[in-house]
Amino acid sequence: MRTDSAPAGLDSPTHAGRRDCIDDPRDAARLLMEDTAGPSASSPPVTARRRRLPAVPRIWLVAGGGWLGRIIQVLAQLLVVRILTDHLGIEGYGVFALLASVATWFTLSDLGIAISLQNYISERRAGGADVDTLMLSASLLAITACAFVALLILFAGPLLAHFILGDFAFLSAGYKVLAFYAMAFPGIGTALGGILYRIWFAQHRGYLSNLMPAAGTVLGTLGVWLASRTQLEPALPWSVVLFYAPMALLPIGGLIVTLMRLARHHRPSFEIAGAVLRRALRFWLFGVMAASVLQVDFIIMAKVLSASDIVIYSIATRVFGLVFFVYNALLMAMWPVCSEAIARGRWAQVHQMIRKYVVLGVAFVIVCGIGIEVTKPWIVAILAPASRLMIPGSVVALLALYYALRVWTDTFSTVIQSTNRLGVFWIALPFQAVFSVAFQWLGAQWLGLQGMILGLIICFVLTTSWILPFAVHRLSIANSSIKA
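Below, the structure is looked at part by part. (Residues numbered from 1 in each chain as written. Predicted model: local features only at pLDDT ≥ 70, side-chain atom pairs only at ≥ 80, totals over all residues. Heavy atoms only, no water.)

**Description of the overall build of the protein**
- A tally of helices and strands in the protein yields 15 helices and zero strands.
- Put simply, the protein has 484 residues, and 54% of those count as buried.
- Pairs at least 24 apart in sequence give 84% of the contacts found in the protein among residues at least 6 apart. (Helix = DSSP H or I, 4+ residues; strand = E, 2+ residues; numbered from the N terminus. Buried < 20%, exposed > 50% of the residue type's maximum accessible area, 1.4 Å probe, protein only. Contact = heavy atoms within 4.5 Å.)

**Focus on the side chain of Thr414**
- Here Thr414 lies in helix H13 (residues 393–419).
- Looking at Thr414, the relative accessible area reads 7%, which means it is buried.
- Setting aside residues no more than four positions away along its own chain, Thr414 makes contact with Leu331, Met334 and Trp335.

**Digging into the side chain of Ser339**
- Inspection of the secondary structure puts Ser339 in helix H11 (residues 307–343).
- In this structure Ser339 comes out as buried when scored by relative accessible area, which is 3%.

**Some points on the packing of helix H6 (residues 173–202) against helix H7 (residues 206–230)**
- Direction vectors running N to C along H6 and H7 enclose 150 degrees, while the axes themselves pass 6 Å from each other. For the element pair H6 / H7, the angle class is roughly antiparallel. Across the interface between the two elements, Leu196, Tyr197, Trp200 and Phe201 of H6 pack against Gly206, Leu208, Ser209, Asn210, Met212 and Pro213 of H7.
- In terms of residue class, the contact of H6 with H7 is made up of seven nonpolar, three polar and no charged. (Axes fitted to C-alpha atoms, helices over the stretch in contact; angles between N-to-C directions. Parallel < 35°, antiparallel > 145°, perpendicular 65-115°, else oblique. Nonpolar A, V, L, I, M, F, W, Y, C, P; charged D, E, K, R; others polar.)

**Structural notes on helix H10 (residues 297–304)**
- The element H10 is extensively covered by neighbouring structure, given that six of its eight residues are classed as buried.
- Within H10, the full set of buried residues consists of Asp297, Phe298, Ile299, Ile300, Met301 and Ala302.

**Some points on a nonpolar patch on the surface**
- A surface patch of nonpolar side chains, about 690 Å² in accessible area, is lined by Trp441, Leu442, Trp446, Leu447, Leu454, Ile458 and Leu462.
- Along the polypeptide, Trp446 turns up in helix H14 (residues 423–461). (Patch = residues over 30% accessible without salt bridge, like charges linked within 9 Å, V, L, I, M, F, W, Y side chains within 5 Å. Areas by Shrake-Rupley, 256 points an atom, 1.4 Å probe, with all protein chains shown as cover. Salt bridge = Lys/Arg side-chain N within 4 Å of Asp/Glu carboxyl O.)

**Structural notes on the nonpolar core**
- Residues Phe96, Leu98, Phe180, Val415, Leu449 and Ile453 are the most contacted members of the largest nonpolar core, which totals 146 residues.
- No other element matches H11, which puts 20 residues into this core.
- Sequence-distant contacts of Leu449, defined by excluding residues within four places in its chain, comprise Met301, Leu305, Asp309, Ile312, Tyr313 and Val395. (Core = buried A, V, L, I, M, F, W, Y, C linked by side-chain atoms within 4.5 Å.)

**Overview of the environment of Leu236**
- Following the sequence through the fold, Leu236 ends up in helix H8 (residues 235–263).
- In this structure the C-alpha to C-alpha distance between Leu236 and Leu88, which are 148 residues apart in sequence, comes to 7.2 Å.

**Re the packing of aromatic side chains**
- Inspection of every chain in the model, using the stated rule, returns 18 aromatic pairs.
- Their ring planes at 65 degrees and their centres at 4.9 Å tell us that Tyr402 and Tyr403 sit as a pair that is edge-to-face. Per residue, the accessibility class of Tyr402 equals that of Tyr403, and both read buried.
- Chaining the aromatic ring pairs together yields one cluster made of Phe320, Phe324, Tyr327, Tyr402, Tyr403 and Phe460.
- One residue, Arg279, lies across the ring of Tyr120, its end atom 3.9 Å from the ring centre.
- Over the ring of Phe163 we find Lys303, and its NZ or CZ is 5.0 Å from the ring centre. (Phe/Tyr/Trp six-rings, centres within 6.5 Å; stacked < 30°, edge-to-face > 60°. Lys NZ or Arg CZ within 6 Å of the ring centre and 35° of its normal.)

**As for unusual backbone geometry**
- For the peptide bond that leads from Glu233 to Pro234, omega is 0 degrees, which places it in the cis range.
- By secondary structure assignment, the location of Pro234 is in the loop between H7 and H8.
- Here Leu111, not a glycine, exhibits a phi torsion of approximately 60 degrees, which is positive.
- On the secondary structure map, Leu111 appears in the loop between helix H3 (58–103) and helix H4 (113–126).
- The exposure class of Leu111 is partly exposed, given its relative accessible area of 23%.
- One non-glycine residue, Gln231, adopts positive backbone phi at about 55 degrees.
- Residue position: Gln231 is located in the loop between H7 and H8.

Below, the structure is given as C-alpha cells:
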C-alpha cells in the first residue's frame, strides 16, 4: 500500500528501461578499417569480427570508483590523526575526533531530500521518464532546508557547544563555540553537496560521488598540514574548518553548475517538490534515529571515558572504517540497481545480490580484522607515535564482530530503503536508539571502552540483525503475491 502521494507518473514505472552495452573503442576502430579495406584472407569471419566484448557491469564500475575514493579518504584521515596528535596533543585531538563524530549529524540538514531524490530518479529512469525538472525542484528545496538549519544553528550554537564540549575544561566557553561553528557550517554545506552525489548515484555515475569527496578530503588534509606548519591560532577551530570546508565547497560548486544547466530549459515544480519532501521527511526521521544509534559513541566517551580512550577508539575505528568503506561503496552502487530491480519485480536478482555481498563482506571484515591485530603496533607507531598508546586485542576483536554485524544489517537496510517502504524502521530504530544509548553508557561505566563497544553490538543483536531480514522476506513474498 502506498503511504505518500505524488504527481502521476512520478512514483510508478510504466515500462522497463533499456541499458546499452558499451563496446571497446579499439574494436570499433578495427572494424571500421576492415570494412573500408574489404575482407582479406587473414581476416576472421564477419560474425566473429563483429562479436561484442562483454561490458564491465556498471555496479562494479561504481563500486570500483567508490573503493578508490574511500581508500583515499581514509588514508588522508589517518594522516590527519598523525598531524593533529602532534599539533594539538592527545586532548586536543580528542576534541577534534568528537567534533568529527558530531559532524555526521549535520548531514541530516537536507531533511532527507537527497535520498528521496535518488529513489525518484531511479524510478523515473526505470519508466523511461524525464528527470530534469525533478532534479531542479528537489535541489532548490534542499537549498532552502539547509539555509533554515544554518540559521537555527547560528542561534543555538552556544548551547550546543556547551553540551557537546562542556566536559573539556581546558577549553574556554568562547573557544568551544568557535570550534563548534567551525564544524557545523561546513557540515551543513556537505549535506547540501550530497544532493549532487545522490544524483550521480541514481545516474549510475557513483564513482564521481566517491572521487569528489576523496579530493575534498585530500585538500582538507593539506589545509590541516598547512595550519600546523604555520601555527595558525586558534589552532583547533582552524584545523576543523580547513579540514571540512573543501568537502562542502567542491560538491556545492558542482551542484551550482548542474542547477544553472537545468534552469536554462526547465522550471521548478512545487507539486514535484512537495512529493519529494513528503517522502524525504520519512528518510530524515530514519536518519535521526540511525544517528542516535551510530553517532552517540564519542559523546558518551566524552562524558565517561578519558581522552586516551577517545584517541584509541578513533584510531581503531578509522582503520576499520577503511575496511567498511570498501563494502559501503559496494552498497551505494547496489542501491540504484536494487531500486530498479524491485521496480520491475525482479526479487530473485535482489536476493542473489544480498547473498553474494553479505558473504563477501563478512569474509573481508574477518580477514582485515586479523591483519589489524597483527599490525596494530606499527599502526599506532605511524599514526600517533607521541601518544605511546596501544590498541587492546579485545578492542580489535569486538570491532571486527561489530563491523561484520554491520555488513549483515546494512545490506538489508539498503534493500528496504530502495523500496521506500520504511515502516519497519519506525518499529525497530526507536528501540535500537534507546538500547544503543543505554547499553553503551552502562558498558562504558562498567567495562570501559570494551564495554561501550559491546553495548553497541548488543543493541544490533536485539533489534535490526533479525528484524530487517524478516522485513525483506515479507516484502518479497508480498510482491510475489501481487504479481501472481
